[in-house]
Amino acid sequence: MDHFPGTWGRPRNDVYGAYDASYLQTTGPKAHTSSPAVTGTSVVGVKFNGGVAIATDNLASYGSLARFSDVKRLRSFGDNAMVGFGGDVSDMQYLDRLLESMDIRENYSAHGNMLNAKNLHTYLAKVFYKRRSEFNPLWNHVLVAGFDGEGEPFLSSADLLGTTFSAPHLATGFGAHLAVPILRRKFPEEMPLAEVTQEAAVEALKECMKVLFYRDARSIDKYSIAVITKDGIDLKEDEQIQGQSWAFAERIKGYGAQVV
Amino acid sequence: MTSIGTGYDLSNSVFSPDGRNFQVEYAVKAVENGGTAVGIRCKDGVVLAVEKIITSKLLKPGANKRIATVDRHVGIVSSGLVPDGRHFVSRARDEASSWRGTYKGPIPTNALANRLGGYVQAYTLYSSVRPFGVTAIVGGWDSEAEVPVDGQVGSGPKSGSGGKVEGAKAGGPGLYMIEPSGLYWGYYGAATGKGRQAAKAELEKLDLTSGNLSLADGVKEAARIIYVAHEDSKDKEFELEMTWISSVDGPTKGRHEEVPKDLLEEAEKAAKRSLEGDDEDEEDKGQGEQMEE
Amino acid sequence: MFRNNYDNDAVTFSPQGRIFQVEYAQEAVKQGSVVVGLVNKTHAVLVGLKRNAEELSSYQKKIIEIDSHMAIAIAGLASDARVLSNFMKQQSLGSKMTYGRPIPLDRIVAQIGDRAQTNTQHYGKRPYGVGLLVAGVDEAGPHLFEFQPSGLTHEMVACAIGARSQMARTYLERNLDKFEDCSRDELIQHGLSALKETLSQDKELTIDNTSVGVVGVTNGKKESFKLYEGQETAALLEVLEQRESAGAEGESMEVDS
């Protein structure tokens, strides 16, 4: 009987040779987070004439396990700014607290001078960049939606490296591959923003969420969607993907029950 | 025993032979000349009000707020040295923020008052600092509803352990007054500053202990009390500033906010009317007709 | 002058609850040459009277730009003002860096107020010996703040601090109603008129001793801070002279009465 629980379940030394513990070394460079733990998948956002629409699903995965199914990954800031979080959920909670305390500070005096979405994005990108420069990144990819200082619709992304990117429609994670092509087809580059209606933007997001649910194994059919206009934020946090059809999956390897 | 000329009043943190700290007492003197401030703890919220003497015509009307917001659910009004009041508020904000850092939720009003009392008291302990020249009234509303933990993203498991007592009442209004010595008490109605005596007399007439006064009436009473307290310095013009914090289902949704302009003006009008009534005949205008005696 | 036991430092209250060291610091402000500030709906203006130590020496700077949306005018110890202005420049730059937003005026004024307060509550420090007028624009429009050594700050419609500033304040109070809706150029002239009131008989405003600073926002469009000094003030002073001579009959009647 081996009385050291630490060695239980390990490959037997007499069969496989001594266990290589070198990766467990206690000396050497200090390491911080090198992978996310509980994660949220895509965030998708679209600008329209008069605001921005943004959506995420309500899932937090632990690896491939669908661990939490009622997670709110769209967080509001003030009266008309919204942040959609992809990536590590605990880092998202940290950022949410950070934004909460910032919101409290901003409201010490009641008149004017609120941070807008653009200010918020600048700040978040700085936080990400600082943390990655300390080799201790916040493992997220976020979309910030709202309005800029001129009152124009604003949509921009920031990731764990502090990289920022802005476009009339954006998606993070799997969405960057699956949703963006759909959005580019619906809202081509030459199409002026004035022609994109709120309804079209919301419809496009719903379509994207459906496609993402079809093809992203870390997604769920419950999602949140927010529409930000000058009137404020209209946030729905318990939406269900409508009109699914899995017929296409019948003859594709990897979907559903497989016979060989 | 008098304080002056003995030498026991020249440094903070020094006791006189009869056990007094004169520097703290002198700090109280600074408060006694400040604009009157009152706080009323009502059944469904808290009102704070302050009399701002207009020292110059060049001041921007309506600016220069003297009641500060701490976190979202607490307000502080102080009387005495205004910059000291700002220092006090800044500390309160730091305390509220650090509480959130630790407990992931808003600081209860009593805990905030306790920490601030400790902070102010520390400024009576050392000869290297002077006491705060302010008396501050801290008003807040602790949420009676379940508040989400900061950073909470889901509702958690629908079944399983809980540990909550069914039907237990939580939260409610809080009102505390902190003096330069660091001493603080909880109050139903608190007053400080120049007109505190008149204000206290008026507060005592309100029967606040029974807990029946509504926030809406509290606003009117607070305005009236500031006007009554101002009677002694009638020659000086003043501005009335008022804020309130209601219950979560009330008008401010548990937040500390300025009393809306129309309500404020209405309360001021009623206050002026009741004062005029006092001067001529004892007109019936709610409680507290007789000014004194 | 007499000393008393309670004025050795800023951490001792007098039996009346006063802090003499702070009050003495306020006196230092009154020794400085005068500066005037005023606002209308769109602009904030600072004007200052510069002093020179002797005929051939240069003039002391009175208006310091903090950022493109804000400036200060100083009266009192210039070196203390430099400490504060450096701090303000840092804070302003910090806000632009982290949020991409010009720092709101009330925010930065509160910060210097808090700094000044610290100096009045801790042994080994002394109060700042300078008063400031902070003028600028932010999302909420144009603002003017007065800062005092006690750490007291006030938002003003118009203000004057420094030597003989009472004369300027009297002018400002008398003309208070005219400021809000007047034009940018008229506001500057009101500032100069107020400044002129403070001059002793043998003095006058010249292009050498006058500074004018303007910052504004019209329909959301920002007009960056502009400092007029030397030759640039010539045109402004000329207008002042014209106004005075033109208004000499009409206006002076009521003023003199």
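Parameters at a glance
Counting from 1, residues in each chain are numbered in the order their sequence is written. Chains carry letters from A onward and ligands carry numbers from 1 onward, assigned in written order. This being a predicted model, a pLDDT of at least 70 is required before a residue's local features are given, and a value of 80 or more before pairs of side-chain atoms are given or counted; all residues contribute to the totals for chains, interfaces and linings. The side-chain figures draw on all heavy atoms in the structure; neither hydrogens nor water molecules are used. Helical segments are the DSSP runs of H or I of at least four residues, strand segments are the runs of E of at least two, and each set is numbered from the N terminus. Taken over C-alpha atoms, the radius of gyration is set against a globule rule of 2.2 Å times the number of residues to the power 0.38. The rule is simple: take the accessible area with a 1.4 Å probe, protein chains only, and divide by the maximum for that residue type; under 20% is buried, over 50% is exposed, in between is partly exposed. Any pair of residues with heavy atoms lying within 4.5 Å of one another is described as a contacting pair. When charges are tallied, Lys and Arg are placed among the positive residues and Asp and Glu among the negative ones, while His and the ends of the chain are skipped. One atom stands in for each charge, and that atom is NZ of Lys, CZ of Arg, CG of Asp or CD of Glu. Buried area: the accessible surface (1.4 Å probe) lost by two parts on joining, summed over both. Here a polar contact is recorded for every N or O atom pair within 3.5 Å, except that within protein the pair must consist of a potential hydrogen donor and a potential acceptor, and residues adjacent in sequence are included only if both atoms are side-chain atoms. Three categories are distinguished: nonpolar for Ala, Val, Leu, Ile, Met, Phe, Trp, Tyr, Cys and Pro, charged for Asp, Glu, Lys and Arg, and polar for the others, with Gly belonging to the last. We count a salt bridge whenever a side-chain nitrogen from Lys or Arg sits within 4 Å of a carboxyl oxygen from Asp or Glu. Strand pairing is defined by DSSP finding a minimum of two bridges between the two strands. Only the stretch in contact is used when a helix axis is fitted, and all axes are lines through C-alpha atoms; the angle between N-to-C directions ranges over 0 to 180 degrees. Each residue carries a pLDDT value, the predictor's own confidence for that position, ranging from 0 to 100. UniProt positions are given in the numbering used here, feature names are shortened, and annotations may be inferred rather than shown by experiment. Patches here: salt-bridge-free residues with over 30% relative accessible area, like charges joined within 9 Å, nonpolar side chains (Val, Leu, Ile, Met, Phe, Trp, Tyr) joined within 5 Å. Here the accessible surface of atoms and residues is derived via Shrake-Rupley with a 1.4 Å probe, and residues count as covered only by protein chains that are part of the display. Angle categories are assigned with fixed cut-offs, so that under 35 degrees is roughly parallel, over 145 is roughly antiparallel, 65 to 115 is roughly perpendicular, and the rest are oblique. Two helices cross in a left-handed way if the nearer one is turned anticlockwise from the farther one by less than a right angle. They cross in a right-handed way if the turn is clockwise.

K.L.:
Explain the overall build of chain C to me, please; I cannot follow it from the model alone.
P.N.:
What chain C contains, in helices and strands, is seven helices and 10 strands. Taking 18 Å as the expected radius of gyration for a compact globule of 257 residues, we find that chain C reaches 19 Å, a close match to that expectation. Split into buried and exposed, the 257 residues of chain C put 53% on the buried side. Considering only contacts in chain C between residues 6 or more positions apart, those separated by 24 or more positions represent 63%. If you average the places of the 27 positive and of the 35 negative side-chain charges in chain C, the two averages end up 7 Å apart.

K.L.:
Sorry if this is basic, but what is going on with the interface of chain A and chain B here?
P.N.:
Much of the literature gives interface size as the accessible area that the parts lose upon coming together. In this complex, chain A contributes 15 residues to the contact, which on the side of chain B involves 16 residues. Of all residues in chain A, R97(A), I104(A) and Y108(A) give up the largest surface area on contact with chain B, accounting jointly for 44% of the area buried on that side. Taken together, the links from chain A to chain B amount to eight residue pairs in polar contact (both at pLDDT 80 or more). In terms of residue count, the dominant contributor to the side of chain A that touches chain B is helix α2 (residues 89–106) of chain A (eight residues). Grouping the constituent residues of the side of chain A that touches chain B by class yields six nonpolar, two polar and seven charged.

K.L.:
Would you mind going over the pattern of salt bridges with me for this structure?
P.N.:
Opposite charge on two side chains permits them to pair, given that their charged atoms come into close proximity. The final tally for this structure, using the stated rule, is 36 salt bridges over all chains. Between R115(B) and E95(B) there is a salt bridge; the shortest N-O distance is 2.9 Å. Of this pair, R115(B) sits in helix α3 (residues 109–122) while E95(B) sits in helix α2 (residues 82–103), placing them 20 residues apart in sequence. Judged by relative accessible area, which is 28%, R115(B) ranks as partly exposed. Exposure remark for E95(B): the relative accessible area of 9% places this residue in the buried category. Among the salt bridges present, the one from D67(C) reaches K96(C), with a minimum N-O distance of 2.9 Å. With D67(C) in strand β3 (residues 63–67) and K96(C) in helix α2 (residues 78–99), this residue pair connects regions lying 29 residues apart in the sequence. Given the relative accessible area of 11%, D67(C) is considered buried. For K96(C), a relative accessible area of 33% translates into the label partly exposed. Salt bridges sharing common partners tie together E100(A), D103(A), D71(B), R72(B), R100(B) and D150(B).

K.L.:
How should the interface of chain B and chain C be read in this particular structure?
P.N.:
Residue-level contacts link 32 residues of chain B with 35 residues of chain C. Regarding the contact of chain B and chain C, the summed buried area is about 2,700 Å², with carbon and sulfur atoms giving 58% of it. Sorting the residues of chain B by area buried against chain C places L58(B), R86(B) and R130(B) first, and these three jointly supply 29% of that buried surface. At the junction of chain B with chain C, the criterion picks out two salt bridges.

K.L.:
I keep staring at the sheet that holds strand β10 (residues 221–228) of chain C and nothing clicks. Help me out?
P.N.:
Two pairing modes exist for strands in a sheet, parallel and antiparallel, and in both the strands are linked by backbone hydrogen bonds. Residue and element names in this part refer to chain C. Strand order in the open sheet formed by five strands is β8-β1-β2-β9-β10, with antiparallel pairing between adjacent strands. Across the chains shown, the open sheet's two edge strands, defined by having one partner strand only, are β8 (158–161) and β10. On average, adjacent strands in this sheet sit at an angle of 5° to one another, irrespective of strand direction. As judged from the six bridges shared by strand β9 (residues 210–218) and β10, these two strands associate in the antiparallel manner. Residue pairing for β10: T218 is matched across the bridge by K221. Contacts from helix α6 (residues 184–197) reach β1 (35–39), β2 (43–49), β9 and β10 within the one sheet, and its direction differs from that of β2 by about 30°.

K.L.:
Explain the confidence of the model for chain B here, please?
P.N.:
Reading fine detail from the predicted coordinates is not recommended where pLDDT is low. Summing up the model confidence of chain B, the mean pLDDT is 91 and the portion of residues at 70 or higher is 90%. When the criterion is pLDDT under 50, residues 281–293 of chain B qualifies, and its contacts beyond four places in sequence or with other chains add up to 22 contacts.

K.L.:
What is the right way to read the UniProt feature "domain: Proteasome alpha-type subunits" (unreviewed entry) in chain C from this model?
P.N.:
If you check UniProt for "domain: Proteasome alpha-type subunits" (unreviewed entry), the listed places come out as residues 6–28 of chain C in our numbering. The span residues 6–28 of chain C is 39% helix and 0% strand, and its two end C-alpha atoms sit 19 Å from each other.

K.L.:
Is there a simple way to think about a nonpolar patch on the surface in this case?
P.N.:
Residue and element names in this part refer to chain A. Residues Y19, Y23 and L24 make up a contiguous nonpolar surface patch of roughly 350 Å² in combined accessible area. Tracing the backbone through its elements, the reader meets L24 in the loop between α1 (13–16) and β1 (38–40). Judged by its relative accessible area of 45%, L24 is partly exposed.

K.L.:
How should the packing of helix α4 (residues 165–174) of chain C against α6(C) be read in this particular structure?
P.N.:
When two helices pack together, their arrangement is given by the angle between the helix axes and the distance between those axes. Residues and elements named next belong to chain C. In contact at an axis separation of 7 Å, α4 and α6 are set at 140° when each is read in the N-to-C sense. Here α4 is positioned oblique relative to α6, judged by the angle of their axes. Of the two elements, α4 crosses α6, and the hand of that crossing is right-handed. Contact with α4, carried on its side by M167, A168, Y171 and L172, involves H190, S193, A194 and E197 of α6 and no other residues of that element. For the contact of α4 with α6, the per-class residue count stands at five nonpolar, two polar and one charged.

K.L.:
What's the story with the side chain of E241(B) in this structure? I'm lost.
P.N.:
Residues and elements named next belong to chain B. With respect to the element layout, E241 can be found in strand β9 (residues 238–246). According to the relative accessible area criterion, E241 is buried, its value standing at 4%. From its side chain, E241 meets the backbone nitrogen of I67 in a polar contact 3.0 Å long. If we ignore the near neighbours within four places in the chain, the residues touching E241 are L48, A49, V50, K52, N64, K65, R66 and I67.

K.L.:
Is there a simple way to explain the UniProt feature "domain: Proteasome alpha-type subunits" (unreviewed entry) in chain B in this structure?
P.N.:
In the numbering adopted here, UniProt assigns the feature "domain: Proteasome alpha-type subunits" (unreviewed entry) to residues 8–30 of chain B. Helix and strand shares over residues 8–30 of chain B are 39% and 0% respectively, and the end C-alpha atoms of the span are 19 Å apart.

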